[in-house]
Number of protein chains: 2
Amino acid sequence: MANKDARTPASTQTTDDASNGEAGKSIGWHKAYVEGSRPDLRVPVRQVHLTNGQSVTLYDTSGPYTDPLADTDVRRGLPPLRENWITARGDTEEYTGRPVRPEDDGIKHTSPRGGLRNLDAVFPGRPRQPRRSRDGKAVTQLAYARRGEITPEMEYVAIRENVSPEVVREEIAAGRAVLPANVNHPEIEPMIIGKRFLVKVNANIGNSAVTSSIEEEVEKMTWATRWGADTVMDLSTGRNIHTTREWVLRNSPVPIGTVPLYQALEKVDGKAEELTWEIYKDTVIEQAEQGVDYMTVHAGVRLAYVPLTANRKTGIVSRGGSIMAAWCLAHHKESFLYENFAELCEILAAYDVTYSLGDGLRPGSIADANDEAQFAELRTLGELNRIAKSFHVQTMIEGPGHVPMHKIKENIDLQQEICDEAPFYTLGPLTTDVAPAYDHITSGIGAAMIAWWGTAMLCYVTPKEHLGLPNRDDVKTGVITYKIAAHAADLAKGHPGAQEWDDALSDARFEFRWEDQFNLALDPDTAREFHDETLPAEPAKTAHFCSMCGPKFCSMKISQDIRREHGGSQAEIEQGMAQKSKEFAAAGNRVYLPLAE
Amino acid sequence: MANKDARTPASTQTTDDASNGEAGKSIGWHKAYVEGSRPDLRVPVRQVHLTNGQSVTLYDTSGPYTDPLADTDVRRGLPPLRENWITARGDTEEYTGRPVRPEDDGIKHTSPRGGLRNLDAVFPGRPRQPRRSRDGKAVTQLAYARRGEITPEMEYVAIRENVSPEVVREEIAAGRAVLPANVNHPEIEPMIIGKRFLVKVNANIGNSAVTSSIEEEVEKMTWATRWGADTVMDLSTGRNIHTTREWVLRNSPVPIGTVPLYQALEKVDGKAEELTWEIYKDTVIEQAEQGVDYMTVHAGVRLAYVPLTANRKTGIVSRGGSIMAAWCLAHHKESFLYENFAELCEILAAYDVTYSLGDGLRPGSIADANDEAQFAELRTLGELNRIAKSFHVQTMIEGPGHVPMHKIKENIDLQQEICDEAPFYTLGPLTTDVAPAYDHITSGIGAAMIAWWGTAMLCYVTPKEHLGLPNRDDVKTGVITYKIAAHAADLAKGHPGAQEWDDALSDARFEFRWEDQFNLALDPDTAREFHDETLPAEPAKTAHFCSMCGPKFCSMKISQDIRREHGGSQAEIEQGMAQKSKEFAAAGNRVYLPLAE
């Protein structure tokens, strides 16, 4: 989003750099901050400096890592930006948390290595006590919003979104938006998820039983946020789950989501039937104390729905959904997540952990889209959403999956109706099954459409979906593809300011300001590289043509001539036309310069 | 499209290879032919052999090049598949064509090199005389369809599309579909463009004043069709235009489109104002004699519309549009294409060249979408469409461009209304301007949507759009992205048989038939490569898990267990559930095998 048309006094505008003392700044972009109503409320933006002396302000998710003045060190973690805001509210208290056990990192007491955590890997930053609500105080952003309070977090996102803080408060209070911000994750730069705001993008990271390490996951997180991920989910399933998550949390400028069920299953050695409510609850508390901002909970996979999947083409494709289905079948009992949902709400409320109610029965193929299993679960998610809200727990709802285009709208419409307009958070959807290796594209199509129609956050899909674990390049491709889908939706929804980014880039294109085009691009590096492949020389970056048409055929140049000759009111245009035509002929009829032989 | 549910007797079906003698064939795919009502009517298909003994039949655009039994040689050209069909009709005749002149290849008499064509580059295949209609006979597929004739070309596409030949004839007769097939391009495998048929994809190739050679363009054409391009447009603008086009035409299994205006402009040394109707007409005849199947004609850019673009953000971005605008301004006269449109129709009719009425005033930025200039031209295209039809000339209409999602539907709805449902042929549209280097994706989103709503053919956009000339990889990425958009639209439109491809791939995925997933994929090479990056060993290709979840967490495996235990009717499922639960417990509650420590 370009903040050009700023709505709040605190926002920046597209400015003439010469007028605010930035004229001498080198061309390109730099990290800037917009100050709010207090000095410790500074919202980061990406300020792009154009060669025509103007600048454009863009939303920025990259955290202090892109600020040359910030002193970052992954071994220390990010500064606790929100700490004073949290403590000043006086409604939370530190306490002696649950001790970290070897099995939290997937190390079993039966292991030949003796059941010790790899302490060399433990996060070395400042020791901290976990924090939770005091005396049953309601400490969620939802509770504050309902009480009419505008928190610093709300003001922060209002500046980011270019809307008034009151709009933010209203949307959160109504349950139409969430601001995921665990009291134990003071490092985050607050952001909001809701259909009245910019469409957000989540990137998944996580080591698995098969491959990858702690360092890689931290690196993937910062890499994903650099390209625009608004949240990151750590879906680790292998060793060192607890420790990896600690590193990720302490270094993340964006909210972190998890699926606690994955870790709980590790604790019972992968035997779904040995899962218990107690083990699950303990895992949720462990993660809440670490600072996880939102948790996917598959409480909608009820015993009675499992047989509805038996005749599907691809059964249950959600890992969480299949684990819960296996548990229900093994015990022939109702899901322990569904049965204990109220108690789970109390826990999440104490830390302001946001629910992401998982769609464990989402379709995994075009054939299974919008079937009875999927919608039965959605109705249960609507019921759970109301329970969560009664505990002041912020809640969003997860959605599919694999859905052909003509069945996409039904998903968002039903979800909005059944779930009282709670934010929808969808995985794609993929609009066809036939293109493994290109599922960022099959799903980017569905993501753009469903976001236009109201989905608040999109979970990215990388080119490796269905095939393997994403590497660094895949993460970038996934994030960029989904930022495109999100921004296309922002445009289609008429989000205030969204189009000004496009306009700035199109102006640069029309005026052959190549460097400005690159700097304004979602991915400046690749845009510049592609241009240089065909026309590498430096003069080509100021040339008034490009490699597609060459100097003789340039349509943009002809248009500029037309504008020069015919710009102005319709009356002026018509009046001047015959006259201009004569001048054009008199001047030798030259629109193009002839190519040198 | 999977032809599994064949509608015509001539079509193949998903077959048990064992039953038709193909059991011994190696796993993978091979080129096969479906014979029509006559032995010289053989429709190519891609037959994918699955490891479960079945096979799936897919649409194939790759021509004889993928047939190991075909003896292809680019210096000889492809066999003239349609020659007997054309001559048997007896309504065309060979004649002494227009001589090829040095300026046809962009070589000027004023050139220091003496104005000689580079004869070494001339296509060496069999000499041929051009052919045109005899005694004012109507020789277009539209004329035949209107007379109630089902031509071999119509039967051919009916087999390809899995519909009855009568549907093909009706759609052509009504002007809702075109079958581009110049009588001088007997090499093509006929294909149809219309909203009742599979959505088609065009790939652009062409050398420019800046770079690339004849060999590269021929290679790009075969490469594009290998990945699924249904037509190819040769947009060359540099030297050797005539000769490059000859090589492309003689070797192309798909219809070839051009923009004759580009070559005409070369003949007047790039000076738009020196263009004349005579030079343009001569160029059209030159290209029609060579066999160009459809031509983009920017006859809708009328003098009065040019000033409507003056205050646009990005003016006129169509090369053809800007050339015509410059001509109109220079002379202050109505467009010579508009003024001479009837005569042009007579020429195109004589060769059965299809019109692609160009949208010279299409928007080049989000800001300019759906403006008065664009729609004024569209209304003129509607008028020209009726004139073309009165000459029995097949006609499609080109569309934008850059359009935000919420303005896309208006484009197809208006076009269908104004142009009597003539096939719409759109470039994307791009749904945002902010992602140069990813415009295959920004436009793939818009392309899928507009195709769902009725666009018949999509002109691809490569990652290099706005930045440089596409190389081989870019061509492939553009084609694959657009095949995804087209197939997603086929699914959403409920095209008969479209979903069977998805179903076959999803079945393979659910049953862990990795090789089948690869072979069914739109891009088998990349799917296999991505899988092997994470799990390279050969046993991994038969493993009942993948790298995303590892062996412990596999949701597909849990689903298979559920199906095994609960498949059947709803009554059976419910009855059996409690019992199965007990058995599950008795068997040790093992859904997963524990991982070795």
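The name given to chain A in an unreviewed UniProt entry is Phosphomethylpyrimidine synthase, and the organism recorded there is Streptomyces cinereospinus. Turning to chain A, the UniProt record has this under Sequence similarities (unreviewed entry): "Belongs to the ThiC family." Of the comments in the UniProt record for chain A, the one headed Catalytic activity (unreviewed entry) reads "5-amino-1-(5-phospho-beta-D-ribosyl)imidazole + S-adenosyl-L-methionine = 4-amino-2-methyl-5-(phosphooxymethyl)pyrimidine + CO + 5'-deoxyadenosine + formate + L-methionine + 3 H(+)".

Participant: Can you break down the overall build of chain A residue by residue, with the values?
Facilitator: For chain A, the count of helices and strands is 20 helices and 15 strands. With 597 residues in all, chain A has 67% of them scored as buried. Restricting to contacts in chain A with at least 6 residues of sequence separation, those with at least 24 account for 73%. Element-wise, carbon and sulfur atoms account for 50% of the exposed surface of chain A, whose accessible area totals about 19200 Å².

Participant: Quick rundown of the pairing of strand β12 (residues 354-357) of chain B? Include the residues and the values.
Facilitator: All names here are of chain B. Of the two faces of β12, the one lined by Thr-354 and Ser-356 and the one lined by Tyr-355 and Leu-357 are each fully buried. As defined by bridge partners, strand β11 (residues 294-297) adjoins β12 across four bridges and the pair is classed as parallel. Its bridge partner lying in β12, Met-295 is registered against Tyr-355.

Participant: I'd like to hear about the side chain of Thr-526 of chain B, residue by residue, with values.
Facilitator: Mapped onto the fold, Thr-526 of chain B is located in helix α18 (residues 524-534). When near neighbours in sequence (up to four residues on either side) are disregarded, Thr-526 of chain B contacts Ala-437 and Tyr-438 of chain A together with Lys-476 of chain B.

Participant: Go over the environment of Val-268 of chain A with me, naming the residues and quoting the values.
Facilitator: Relative to the helices and strands, Val-268 of chain A resides in the loop between α7 (260-267) and α8 (277-290). Spatially, the C-alpha atom of Val-268 of chain A lies 57 Å from that of Leu-50 of chain A, the residues being 218 residues apart in sequence.

Participant: Give me the lowdown on the packing of aromatic side chains, citing residues and values where you can.
Facilitator: Counting across every chain of the model gives 20 aromatic pairs over all chains. Between Trp-327 of chain B and Phe-336 of chain B, the ring centres sit 5.0 Å apart and the planes meet at 80°, which makes this aromatic pair edge-to-face. Side by side, Trp-327 of chain B and Phe-336 of chain B carry an identical accessibility label, which is buried. The lysine or arginine in question, Lys-476 of chain A, covers the ring of Trp-227 of chain A, its NZ or CZ lying 4.0 Å from the ring centre. The ring of Tyr-33 of chain B has Arg-42 of chain B lying over it, and the distance from NZ or CZ to the ring centre is 4.1 Å.

Participant: Give a detailed account of the sheet that holds strand β8 (residues 200-205) of chain A, specifying residues and quantitative values.
Facilitator: Residue and element names in this part refer to chain A. Sheet architecture is closed into a barrel: eight strands sit in the order β8-β9-β10-β11-β12-β13-β14-β15, paired in parallel fashion. Neighbour-to-neighbour, the strand axes of the sheet open up by a mean angle of 25°, direction not taken into account. Sheet topology places strand β12 (residues 354-357) next to strand β13 (residues 395-399); three bridges connect them, and they run parallel. Of the residues in β13, the one forming a bridge with Ser-356 is Met-396. Lying on the sheet, helix α12 (residues 372-390) is in contact with β12 and β13; it crosses β13 at an angle near 165°.

Participant: I'd like a rundown of the sheet that holds strand β14 (residues 424-427) of chain B, residues and numbers included.
Facilitator: Strands sit in the order β8-β9-β10-β11-β12-β13-β14-β15 (chain B) around a closed barrel of eight strands; the barrel is parallel. The mean inter-strand angle of the sheet, taken between neighbouring strand axes irrespective of direction, is 25°.

Participant: Outline helix α9 (residues 319-331) of chain A, supporting the account with residue identities and numerical values.
Facilitator: Every α-helix winds through 3.6 residues per turn, so residues three or four apart in the chain are directed the same way. Residue and element names in this part refer to chain A. Taking 1.5 Å per residue, 13 residues should reach 18 Å; α9 reaches 19 Å between its end C-alpha atoms and fits that length. The buried fraction of α9 amounts to twelve of the 13 residues, a majority that puts the element mostly inside the structure. Among all positions in α9, only Arg-319, Gly-320, Gly-321, Ser-322, Ile-323, Met-324, Ala-325, Ala-326, Trp-327, Cys-328, Leu-329 and Ala-330 are buried. Positive backbone phi, at 45°, marks His-332, one or two positions downstream of α9.

Participant: If you had to explain the environment of Pro-99 of chain A to someone new, which residues and values would you point to?
Facilitator: All names here are of chain A. Structurally, Pro-99 is set in the loop between β4 (92-94) and β5 (131-133). Take Pro-99: its relative accessible area is 53%, and that puts it in the exposed class. Separated by 52 residues in the primary sequence, Pro-99 and Thr-151 place their C-alpha atoms 32 Å from one another.

Participant: I'd like a rundown of the side chain of His-49 of chain B, residues and numbers included.
Facilitator: One can find His-49 of chain B in strand β2 (residues 42-49). Of the polar contacts made by the side chain of His-49 of chain B, one reaches the side chain of His-30 of chain B; its length is 2.6 Å.

Participant: Quick rundown of the pattern of salt bridges? Include the residues and the values.
Facilitator: All names here are of chain A. Using the criterion set out here, one finds 86 salt bridges over all chains in the structure. One salt bridge in this structure joins Lys-483 and Asp-230, with 3.6 Å as the shortest N-O distance. Of the two residues, Lys-483 is situated in helix α15 (residues 472-492) and Asp-230 in the loop between α5 (214-226) and β9 (231-234); the sequence distance between them amounts to 253 residues. Each of the two residues, Lys-483 as well as Asp-230, counts as buried. Shared partners join several salt bridges into a network, and the residues in it are Arg-98, Arg-101, Asp-104, Arg-245, Lys-267, Asp-282 and Glu-286.

Participant: Break down unusual backbone geometry for me, with residues and values.
Facilitator: In this model, Pro-400 of chain A is joined to Gly-401 of chain A through a cis peptide bond whose omega is 10°. Tracing the chain through its elements places Gly-401 of chain A in the loop between β13 and α13 (408-418). Phi at Phe-512 of chain A takes a positive value of approximately 55°, unusual for a residue other than glycine. Mapped onto the secondary structure, Phe-512 of chain A falls in the loop between α16 (498-510) and α17 (514-520). Judged by its relative accessible area of 5%, Phe-512 of chain A is buried. The phi angle at His-392 of chain B is positive, at roughly 65°, despite the residue not being glycine. Here His-392 of chain B falls in the partly exposed class, since its relative accessible area comes to 28%.

Participant: Help me get a handle on the UniProt feature "binding site: Zn(2+)" (unreviewed entry) in chain A, residues and values and all.
Facilitator: The UniProt feature table records "binding site: Zn(2+)" (unreviewed entry) at His-402 and His-466 of chain A. Spatially, the listed residues are clustered: although they cover 65 residues, their C-alpha atoms lie within 12.2 Å of one another. By the secondary structure assignment, His-402 of chain A is in the loop between β13 and α13. Not counting residues within four places of it along the chain, the set of residues in contact with His-402 of chain A comprises Pro-363, Gly-364, Ser-365, Ile-366, Ala-369, Leu-430, Asp-433 and His-466 of chain A together with Arg-509 of chain B. Side chain to side chain, His-402 of chain A and Asp-433 of chain A meet in a polar contact 2.8 Å long. Position of His-466 of chain A among the secondary structure elements: in the loop between β15 (457-459) and α15. Exposure remark for His-466 of chain A: the relative accessible area of 13% places this residue in the buried category. In this structure the side chain of His-466 of chain A is engaged in a polar contact, spanning 3.4 Å, whose partner is the side chain of His-402 of chain A.

Reading the values: rules and limits
Residues numbered from 1 in each chain as written. Chains lettered and ligands numbered in written order. Predicted model: local features only at pLDDT ≥ 70, side-chain atom pairs only at ≥ 80, totals over all residues. Heavy atoms only, no water. UniProt positions renumbered as here; feature names shortened; annotations may be inferred. Helix = DSSP H or I, 4+ residues; strand = E, 2+ residues; numbered from the N terminus. Buried < 20%, exposed > 50% of the residue type's maximum accessible area, 1.4 Å probe, protein only. Contact = heavy atoms within 4.5 Å. Areas by Shrake-Rupley, 256 points an atom, 1.4 Å probe, with all protein chains shown as cover. Pairing = 2+ DSSP bridges. Phe/Tyr/Trp six-rings, centres within 6.5 Å; stacked < 30°, edge-to-face > 60°. Lys NZ or Arg CZ within 6 Å of the ring centre and 35° of its normal. Axes fitted to C-alpha atoms, helices over the stretch in contact; angles between N-to-C directions. Expected span 1.5 Å × (residues − 1). Polar contact = N/O pair within 3.5 Å; in protein donor to acceptor, adjacent residues only side chain to side chain. Salt bridge = Lys/Arg side-chain N within 4 Å of Asp/Glu carboxyl O.

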